[in-house]
Amino acid sequence: MTELHGESIIRLCGLGKEFKGAQGAVRALTDINLEIIKGEIFGIIGLSGAGKSTLVRCMNFLETPTEGEVYYDGRPLSEMSPGELRRTRQSMGMIFQQFNLLEQRNVLRNVCFPMEIAGTPKAEARERARGLLKLVGLLEKEAAYPVQLSGGQKQRVAIARAMATNPKVILCDEATSALDPNTTKSILELLKEINQRMGITIVIITHEMSVIEAICDRVAIIGDSRIAEIGQVSRIFAGPKSKIGRQLILGDAAKQVEFGDGRLFRITFDGLASSEPVISNVILACKVPVNIMYAATRDIKGKAAGQMIIELPDNEADISRVLHYLDRAKVPCEEVGKNEL
Amino acid sequence: MSFKMMPLFFEELGNTLTMTFVSSFLAYIIGIPLGILLVVWARDGIRPMPRAQEALGMIINLIRSLPFLILLIAIQSFTRTLVGTTVGTRAIIVPLTLASAPYIARIVESSLKEVDAGIIEAAKAMGASTWQIIWKVLLPEARPSLLINAAIAVTTILGYSAMAGFVGAGGLGAVAINYGYYRNQNAVMWTAIIFLVVVVQIIQSVGMWLVKKTDRRVR
Ligand SMILES: Nc1ncnc2c1ncn2[C@@H]1O[C@H](COP(=O)(O)OP(=O)(O)O)[C@@H](O)[C@H]1O
Ligand SMILES: [Mg+2]
């Protein structure tokens, strides 16, 4: 992977996990190799049951892997004593889909909880907790109990709590999956702000592409217990190579990727900024698979010039969406007959 | 029945309350740690020791399945060495405690099991030790359920203490039995029973009031 820069904070090597249940063994993870770089927002996406939660739980050894190793800041977790492991966990925050706040504690005492565990003096803990509640915008709720909060507010408390022990990493397992779209957006913005302002590395597990799109730098797509592909979000989105990747990114459109009787269109580039990934934007915005039949474009001083023939599935709705999108992007496009080529 | 008997009722009420609360207290002292072990050692517990857990569970079931009166007679020599006698209020506390402790262990287990696994998981992820999870998560989060069950347990133990009237314990149960059953003084029997009913009602109400006052899940 040439795109990696910087030191890794979490490294998984040949990681595997098999659950031994009453009805035989269940394979949750197979040969996972990945590196999470300090300061990045790393996404892990996959369908339900793919093994995402197991993967993130291996990162702090809530789940002990059956094969391979997890390195945290260069140190193998499997070699740590129980005490060392607990101290290591204190430098990793975690937030959950169901928030998991202590229901019998008020907001302030929830945020103090990890500091109590770590043995922080009470007065100091309270002061820090108030600072964190201010950061997440809930200082006025410090005396409220979780039952009195909305989902979004609960997740904000959980984020403040996850940050209480000054972690280097925050692990998020479906942190926005129980929230409505607007609340999801505000929680993602908060996570991004935390990442940028404090340099805290964030690992996000989700089944929603929009979450990855919104804040992740890199993404690993996991399907069937394995990593199907991994890389910069922009790159993966522009051209998912794996079947599961196409399915997740293109949605249902991926199912009809047979272009047997697709229709052809000619796109002319005349001076559009070449840095603009027109085709991948079309794919993302219209959720339509695009087959590039022919391309002759040149980069002239940062401007793209030339033409491209693309094939679109023979579906009136899909085609009109693409044409409308290109029209708005001021990219000329016309249909061409198959025998005109 | 004359009003001259009233002091007797109040004296025996005192005995009933002593037997009930002292036995309950001691049974909780034994039952809480056992209940915690049942949860913590369970296969999906925070310190799984399934074999030990099953063994403990079996011992608990064994004691629970012994009829109270059989247990009471079976441990008479133990009771005598402990309190010097086998009759009276003090003596009945021993079998009462022993019979109640496994029951308390089971209801404590069931209360602790109600605590959301996600909350325990969150505490683990924060690096909490087993002790910290027990003290700071399991017990406080289970508090409302522990209190509800305590009200039920104490009233049940009160019922046992009344039964113990048959075998020489004091208390309102003994009054009901001695005057009502043996001497056919129905009025005395019913008065004792009414006292018992009122005490049960009060314990239950106080329990519920405490739960309502301290459970943070109700707005
Ligand atoms: N404790 C467990 N015991 C047995 N099987 C499990 C356990 N946890 C997860 N699994 C199985 O492992 C697979 C991956 O689960 P999970 O990591 O929760 O997936 P995801 O989070 O992607 O939905 C599933 O098939 C699930 O049934
Ligand atoms: Mg999951």
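All figures in this text were calculated on a predicted structure; none of them were measured in a lab.

A. Structural context of the overall build of chain B. Regarding its fold elements, chain B presents nine helices and zero strands. Ordering the α and β elements of chain B from the N terminus gives α-α-α-α-α-α-α-α-α. Looking at chain B as a whole, 49% of its 219 residues qualify as buried. Pairs at least 24 apart in sequence give 71% of the contacts found in chain B among residues at least 6 apart. Looking at chain B as shown, the accessible area adds up to about 11,200 Å², and 66% of this sits on carbon and sulfur atoms. Here chain B holds 18 positive side-chain charges and 10 negative ones, and the gap between their average locations is 5 Å.

B. Structural detail: helix α6 (residues 181–198) of chain A. Residue and element names in this part refer to chain A. The first and last C-alpha atoms of α6 sit 25 Å apart over 18 residues, in line with the 26 Å expected at 1.5 Å per residue. Residue D180 occupies the N-cap position of α6, its side-chain oxygen lying 3.1 Å from the main-chain nitrogen of N182. Of the residues flanking the end of α6, it is G199, one or two places downstream, whose phi is positive at about 65 degrees.

C. Quick peek at the interface of chain B and chain A. The partner chain A presents 23 residues to the 24 residues of chain B that form the contact. Of the roughly 2,200 Å² buried where chain B meets chain A, counting both sides, 57% is carbon and sulfur surface. Contact with chain A buries surface across chain B, with M126(B), K136(B) and R216(B) losing the most and accounting together for 30% of the total. At the boundary of chain B with chain A, the tally comes to two salt bridges. In this structure, R57(A) and E121(B) form a salt bridge, with 2.2 Å as the shortest nitrogen-oxygen distance. Where chain B packs against chain A, one counts 11 residue pairs in polar contact (both at pLDDT 80 or more).

D. Representation of the domain arrangement of chain A within the structure. Residue and element names in this part refer to chain A. Along its sequence, chain A is carved into domain 1 (39–64 + 80–247) and domain 2 (250–340). With centres defined by C-alpha atoms, the gap from domain 1 to domain 2 works out at 37 Å. Counting from both sides, the interface comprises five residues of domain 1 and, opposite them, six residues of domain 2. Between domain 1 and domain 2 lies a buried interface of about 510 Å² when both sides are counted; carbon and sulfur atoms form 64% of it.

E. Spatial organisation of the site of ligand 1. Residues and elements named next belong to chain A. In the vicinity of ligand 1, the residues found are F19, V26, A28, L47, S48, G49, A50, G51, K52, S53 and T54. The backbone of G49 places a nitrogen or oxygen atom 2.6 Å from an oxygen atom of ligand 1. Separating an oxygen atom of ligand 1 from a backbone N or O atom of G51 is a distance of 3.0 Å. The protein chains hide 60% of the 560 Å² of surface that ligand 1 would expose on its own. Mapped onto the shell around ligand 1, the elements with two or more residues apiece are β2 (24–37) and α1 (52–59).

F. Representation of the pairing of strand β1 (residues 8–21) of chain A within the structure. Residue and element names in this part refer to chain A. Bridge analysis of β1 against β2 gives 10 bridges, and the strand direction is antiparallel. Along β2, the bridge assignment pairs S8 with I37. A loop of two residues connects β1 with β2, the two strands running antiparallel in sequence.

G. Region of the structure containing the sheet that holds strand β5 (residues 75–76) of chain A. Residue and element names in this part refer to chain A. Spatially, the four strands line up as an open sheet ordered β2-β1-β4-β5, and their pairing is antiparallel. Taken across any chain shown, the strands that pair with only one partner, and hence form the sheet edges, are β2 and β5. Against the sheet, α1 contacts β1, β2 and β4 (67–72), and its axis sits at roughly 125 degrees relative to β1.

H. Local environment of the pattern of salt bridges. Residue and element names in this part refer to chain A. Taken as a whole and assessed by the stated rule, the structure comprises 25 salt bridges over all chains. Between R197 and E193 there is a salt bridge, and its shortest N-O distance comes to 2.9 Å. Here R197 pairs with E193, and both are found in helix α6, just four residues apart, close to one helical turn. Given a relative accessible area of 33%, E193 falls into the partly exposed group. D318 is the salt-bridge partner of R321, the closest N and O atoms lying 2.4 Å from each other. Taken as a pair, R321 and D318 lie in helix α11 (residues 316–328) at a separation of three residues, close to a single helical turn. Beyond isolated ion pairs, a larger network of salt bridges with shared partners links E7, K38, D73 and K168.

I. Here's a closer look at the nonpolar core. Counting 74 residues, the largest nonpolar core has I10(A), L12(A), I44(A), L55(A), M59(A), I104(B) and L138(B) as the members making the most contacts within it. Ranked by residues supplied to this core, first place goes to helix α7 (residues 130–163) of chain B with 10 residues. Setting aside chain neighbours within four positions, we find L55(A) in contact with L12(A), L15(A), L29(A), I32(A), I44(A) and I222(A). Counting residues in each nonpolar core, the second largest holds 71 residues, with L101(A), I159(A), V278(A) and V290(A) among its members.

J. Structural context of the packing of aromatic side chains. All names here are of chain B. A full pass over the atoms with the stated rule returns four aromatic pairs over all chains. When the centroid spacing of 5.5 Å and the interplanar angle of 5 degrees are considered together, the rings of F9 and F195 count as stacked. Residue F9 is located in helix α1 (residues 6–40), and its partner F195 is located in helix α9 (residues 186–214); the two are separated by 186 residues in the primary sequence. The two residues F9 and F195 agree in class, both being buried. Summarising the aromatic geometry, the rings of Y181 and Y182 are spaced 5.2 Å apart at their centres and angled 75 degrees between planes, so their arrangement reads as edge-to-face. The pair formed by Y181 and Y182 is uniform in burial state, with each residue classed as exposed. Aromatic rings pair up to connect F9, F10 and F195 into one cluster.

K. Local environment of the side chain of D173(A). Residue and element names in this part refer to chain A. As for its placement among the helices and strands, D173 is situated in strand β7 (residues 169–173). A distance of 2.9 Å separates a polar atom in the side chain of D173 from a polar atom in the side chain of S53. For D173, the residues in contact, after removing those within four places along its chain, are S53, V56, I95, F96, Q97 and I205.

L. Looking closely at the sheet that holds β7(A). Residue and element names in this part refer to chain A. Spatial strand order, β6-β7-β8-β3-β9-β10: six strands in an open sheet with mixed pairing. In this open sheet, the two strands that pair with only one neighbour each are β6 (92–96) and β10 (226–232). Neighbour-to-neighbour, the strand axes of the sheet open up by a mean angle of 15 degrees, direction not taken into account. Examined bridge by bridge, strand β3 (residues 41–45) and strand β9 (residues 218–223) share four bridges and lie parallel to one another. Bridging across to β9, F42 finds its partner in R218.

Here is what the cut-offs are and how they apply
Residues numbered from 1 in each chain as written. Chains lettered and ligands numbered in written order. Predicted model: local features only at pLDDT ≥ 70, side-chain atom pairs only at ≥ 80, totals over all residues. Heavy atoms only, no water. Helix = DSSP H or I, 4+ residues; strand = E, 2+ residues; numbered from the N terminus. Buried < 20%, exposed > 50% of the residue type's maximum accessible area, 1.4 Å probe, protein only. Contact = heavy atoms within 4.5 Å. Areas by Shrake-Rupley, 256 points an atom, 1.4 Å probe, with all protein chains shown as cover. Lys, Arg positive; Asp, Glu negative; His and termini not counted. Charge placed at Lys NZ, Arg CZ, Asp CG, Glu CD. Expected span 1.5 Å × (residues − 1). Polar contact = N/O pair within 3.5 Å; in protein donor to acceptor, adjacent residues only side chain to side chain. Buried area = accessible area lost by both parts, 1.4 Å probe. Salt bridge = Lys/Arg side-chain N within 4 Å of Asp/Glu carboxyl O. Domains from an automatic or database assignment. Near = heavy atom within 4 Å. Pairing = 2+ DSSP bridges. Axes fitted to C-alpha atoms, helices over the stretch in contact; angles between N-to-C directions. Core = buried A, V, L, I, M, F, W, Y, C linked by side-chain atoms within 4.5 Å. Phe/Tyr/Trp six-rings, centres within 6.5 Å; stacked < 30°, edge-to-face > 60°.

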